[in-house]
2 protein chains.
Amino acid sequence: MGKMDINREIGKLDWSKEPKGLYEPIAYTLSAGGKRLRPTLALLGAECEMRNAECKMQNAECRMQNAECKMQNAECKMEDVVQVALALEVFHNFTLLHDDVMDKAEVRRGRATVHVRWNENTAILSGDQMLIEAYKLLSGIQADKLPTVLRLFNKMATEICEGQQYDMDYELREDVSIEEYMKMIRLKTSVLLATALQIGAYMAGANEDRQHALYEYGIALGMAFQLQDDYLDCYGDEATFGKAIGGDIREGKKTFMLLMAKQLANAEQLKELESRNYERVIAVYDQLGIDGKAQQKISEYTSQALEWLGKVPQNEATQQLRTMAEKLLKRER
Amino acid sequence: MGKMDINREIGKLDWSKEPKGLYEPIAYTLSAGGKRLRPTLALLGAECEMRNAECKMQNAECRMQNAECKMQNAECKMEDVVQVALALEVFHNFTLLHDDVMDKAEVRRGRATVHVRWNENTAILSGDQMLIEAYKLLSGIQADKLPTVLRLFNKMATEICEGQQYDMDYELREDVSIEEYMKMIRLKTSVLLATALQIGAYMAGANEDRQHALYEYGIALGMAFQLQDDYLDCYGDEATFGKAIGGDIREGKKTFMLLMAKQLANAEQLKELESRNYERVIAVYDQLGIDGKAQQKISEYTSQALEWLGKVPQNEATQQLRTMAEKLLKRER
């Protein structure tokens, strides 16, 4: 199941309901596209386990094991995994909607944000409803899997809110450490990718070790992903990246790049870093080799991700996850 | 289990977590008190059924039935009902928090609202977290009850958001009918009371007829409750009511009182009603007997509530629900 299929499933969700003021912004938000990374990871998390079962079957070439494998597959209803994948995408878009209000962001995926196109109250309320819709999607899965799926989802949702709070707190603090920044992006970005993989794997019957390995792969992938995002905001190509370059610098956002530069800067460079001027800040980054340091960090996290991935039985799905991590190193948008 | 016990249970929830910016506003909101009406109704909904079982036991005076009754009780874990009751109260306070942002309300229960005491972003994010916390509380109940409880809760949560959207829509429309207003307050106020009762009853093993009767009792109670609120905003005593009188009039809020008055007013009175001046609007209400018409409507809904209540076996808990509806007619705050 690829991105096209996920978009098709998302398209099946019906938002042509009353009151329009509540549901139209939800349809607008979900139709904007995006990478559909979270639902893809949930599905791959499940497929890691399921194709596994298929592989075992092929090796054994024995009728009894054949029957067992079918059973193992039957226990994991693929339509339930799809429901959960959609819930994760709806939840992710809820966080974007509310984050955009809090950050006063005007553009998302090349279009006006909801609070700009409608108004702030609409963005708050439709966002609330999206969070409820995510729980609605979750609640429909087979009852025996529901308690664990909810527990994992709730933990993740809480961590995302905590991450957003730290993000806002750090805007007002001048003494944020690189360690704190890393913790924040772990909460704000990584745990959702990790939980998507874990829930998918859990639903397909993965044992705790395999769930854990995929979770940790997701954490490392998310860290690399966010650091690459920070990097592209400095060094990306505007047309390819899809949004204006240098936004973080102009806002004085305490990214890995800025925090690392501040650690290494002399008094004069420190003053330049505080200018929030794109050219002047980048000049200091170049002097200090921040570019290379960020790339190195991204590469470290990518290696970590691949290492965790090596701990689960390899199949087609793990190969896709491997490719995903490797592509990340080269991505430009 | 009374209001004091509910406050004790709410007090046990631990919000002394990091980041403080996320959790302190939640502690602040939940410690402000209030009627604790929703958790009370959830507990009474369950007790309607459970004391029922006790009564049967006493009548039969037979060992076997005794044993059955104990079993019936055991199936409904009272601690789970308490969890759900707390979830409903946390959810209710989440809606108040976000509604206050949307309505730009500065005072709630005699204290500064969260977006005034902190800021708007805090109110949005801590509100989001409260909604997640409500789901966390729900998710911990016994697994066999979880799917139905979630389904009922999700339906109610959606209706509340729809009600809030209609409320905001109606602010911008001049042609709101009394029927539309009634539908809006049903969604915004009644369904939460009704669902609290239904979930409580369901958890205690009530059949669908009894669940339905208690649900409809809750709907009618909620309607009477909201109309009384509208009434007290016009005719209440500021000190007793706990908030400033005439707020609805000054904001031109399309309440039952105003919509009814507009229907009956002549051209001159219509102009007065549009003045948004407390004395002038009340003068027209007095001329048209709006006071009495509101009281009559409240009394009608109260009768409806009592009628539905008559459809379930009577016991101590139903007696408390009866008293609650009767007191409502006389409440001044």
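Here, every reference points to the structure presented above.
Predicted, not measured: the structure shown is a model, and the values here were computed from it. (Residues numbered from 1 in each chain as written. Chains lettered and ligands numbered in written order. Predicted model: local features only at pLDDT ≥ 70, side-chain atom pairs only at ≥ 80, totals over all residues. Heavy atoms only, no water.)

**Student:** Go over the packing of aromatic side chains with me, naming the residues and quoting the values.
**Tutor:** Centre distance and the angle of the planes are the two values used to describe a pair of aromatic rings. With the rule as written, the count across this model stands at 15 aromatic pairs over all chains. Ring geometry for B:Tyr28 and B:Trp118: centres 5.2 Å apart, planes at 80 degrees, overall edge-to-face. Note that B:Tyr28 is positioned in helix H2 (residues 20-30) and B:Trp118 in the loop between helix H6 (114-117) and helix H7 (120-139), a separation of 90 residues in sequence. Given the relative accessible area of 12%, B:Tyr28 is considered buried. Arranged with centres 6.0 Å apart and planes meeting at 35 degrees, the rings of B:Tyr166 and B:Tyr170 form a pair that is tilted. Here the residue B:Tyr166 and the residue B:Tyr170 both occupy positions in helix H8 (residues 146-171), the gap between them amounting to four residues, near one helical turn. Accessibility assignment for this pair places B:Tyr166 and B:Tyr170 in one class, buried. What links up through ring pairs into an aromatic cluster is the set A:Phe91, A:Phe94, A:Tyr135, A:Phe153, B:Phe91, B:Phe94, B:Tyr135 and B:Phe153. (Phe/Tyr/Trp six-rings, centres within 6.5 Å; stacked < 30°, edge-to-face > 60°. Helix = DSSP H or I, 4+ residues; strand = E, 2+ residues; numbered from the N terminus. Buried < 20%, exposed > 50% of the residue type's maximum accessible area, 1.4 Å probe, protein only.)

**Student:** Quick one: what's the story with the nonpolar core, residue by residue and with numbers?
**Tutor:** Membership of the largest hydrophobic core comes to 222 residues, with the highest contact counts inside it found for A:Phe91, A:Tyr285, B:Phe91 and B:Tyr285. With residues near it in sequence (within four places) discarded, B:Tyr285 still touches B:Cys234, B:Tyr235, B:Ile249, B:Met257, B:Leu258, B:Ala261, B:Leu273, B:Ile290 and B:Asp291. (Core = buried A, V, L, I, M, F, W, Y, C linked by side-chain atoms within 4.5 Å. Contact = heavy atoms within 4.5 Å.)

**Student:** So what's going on with the relation of the copies chain B and chain A? Which residues, and what values?
**Tutor:** Superposing the two chain copies requires a rotation about an axis and a translation along that axis. For these two chains of identical sequence, chain B goes onto chain A by a turn of 180 degrees and a shift of 0.0 Å along the axis, with RMSD 0.0 Å. Seen this way, the second copy is the image of the first under a two-fold rotation axis. (Least-squares fit on C-alpha atoms with pLDDT ≥ 70 in both.)

**Student:** Which residues make up the interface of chain B and chain A, and what are the values?
**Tutor:** Facing 34 residues of chain B, the contacting portion of chain A comprises 34 residues. Here chain B meets chain A over a buried area of about 3,300 Å², counting both sides, of which 68% is carbon and sulfur. The interface formed by chain B and chain A includes zero salt bridges. Inspection of the chain B/chain A interface yields 12 residue pairs in polar contact (both at pLDDT 80 or more). When contributions to the side of chain B that touches chain A are tallied by element, the ones reaching two or more residues are H2, helix H5 (78-103), H7 and H8 of chain B. (Buried area = accessible area lost by both parts, 1.4 Å probe. Salt bridge = Lys/Arg side-chain N within 4 Å of Asp/Glu carboxyl O. Polar contact = N/O pair within 3.5 Å; in protein donor to acceptor, adjacent residues only side chain to side chain.)

**Student:** Give a description of H8(B) that names residues and reports values.
**Tutor:** Taking 1.5 Å of rise per residue, the 26 residues of H8(B) would be expected to cover 38 Å, and the 38 Å separating its terminal C-alpha atoms lies within 8% of that figure. With respect to burial, H8(B) is a largely interior element, 21 of its 26 residues being buried. (Expected span 1.5 Å × (residues − 1).)

**Student:** Tell me about unusual backbone geometry, and please be specific about residues and values.
**Tutor:** Residue and element names in this part refer to chain A. For the bond running from Glu18 to Pro19, omega is -5 degrees, close enough to zero to count as cis. Positive phi is not limited to glycine here, since Arg36 has a value of about 55 degrees. For Arg36, the position within the fold is in the loop between helix H2 (20-30) and helix H3 (37-60).

**Student:** How would you summarise the packing of helix H10 (residues 208-235) of chain B against helix H16 (residues 290-309) of chain B if you had to cite specific residues and measurements?
**Tutor:** For any two helices packed against each other, the geometry is given by the interaxial angle and the distance between the axes. All names here are of chain B. Axis separation between H10 and H16 bottoms out at 8 Å; the angle between their running directions is 160 degrees. Viewed along their axes, H10 and H16 adopt a mutual orientation that is roughly antiparallel. In the packing of H10 onto H16, the handedness of the crossing is left-handed. (Axes fitted to C-alpha atoms, helices over the stretch in contact; angles between N-to-C directions. Parallel < 35°, antiparallel > 145°, perpendicular 65-115°, else oblique. Left-handed = near helix turned anticlockwise from the far one by under 90°.)

**Student:** I'd like a description of the environment of A:Ala294, backed by residues and values.
**Tutor:** Residue and element names in this part refer to chain A. Residue position: Ala294 is located in helix H16 (residues 290-309). Residues Ala294 and Val191, 103 residues apart in the sequence, show an inter-C-alpha distance of 21 Å. Not counting the four nearest positions on each side in its chain, Ala294 is found in contact with Tyr231, Phe256 and Met257.

**Student:** Residues and numbers for the pattern of salt bridges, please.
**Tutor:** The full count for this structure, using the stated rule, is 35 salt bridges over all chains. With a shortest N-O distance of 3.1 Å, B:Lys12 and B:Glu9 are connected by a salt bridge. You can see B:Lys12 and its partner B:Glu9 sitting in helix H1 (residues 3-12), three residues apart, about one turn around the helix. Judged by its relative accessible area of 57%, B:Lys12 is exposed. When its relative accessible area of 15% is taken as the criterion, B:Glu9 is described as buried. Where salt bridges share partners, they join A:Asp5, A:Arg8, A:Glu9 and A:Lys12 into one cluster.

**Student:** Residue-level account of the environment of B:Asn154, with values.
**Tutor:** With respect to the element layout, B:Asn154 can be found in helix H8. A relative accessible area of 3% places B:Asn154 in the buried class. Sequence separation between B:Asn154 and B:Ile6 is 148 residues; the distance between their C-alpha atoms is 23 Å. Residues in contact with B:Asn154, not counting those within four places in the same chain, are A:Ile132, A:Tyr135, A:Lys136, A:Ser139 and B:Tyr135. Side chain to side chain, B:Asn154 and A:Ser139 meet in a polar contact 3.1 Å long.

**Student:** Talk me through the side chain of A:Asp80; I want residue IDs and the actual numbers.
**Tutor:** Residues and elements named next belong to chain A. Here Asp80 is to be found in helix H5 (residues 78-103). No salt bridge is formed by the buried Asp80, whose closest oppositely charged neighbour, Lys77, lies at an N-O distance of 5.1 Å. Polar contacts involving the side chain of Asp80 include one to the main-chain amide nitrogen of Gln142, which spans 2.8 Å. Apart from residues lying up to four places away in sequence, Asp80 is in contact with Gly140, Ile141, Gln142 and Met203. (Lys, Arg positive; Asp, Glu negative; His and termini not counted.)

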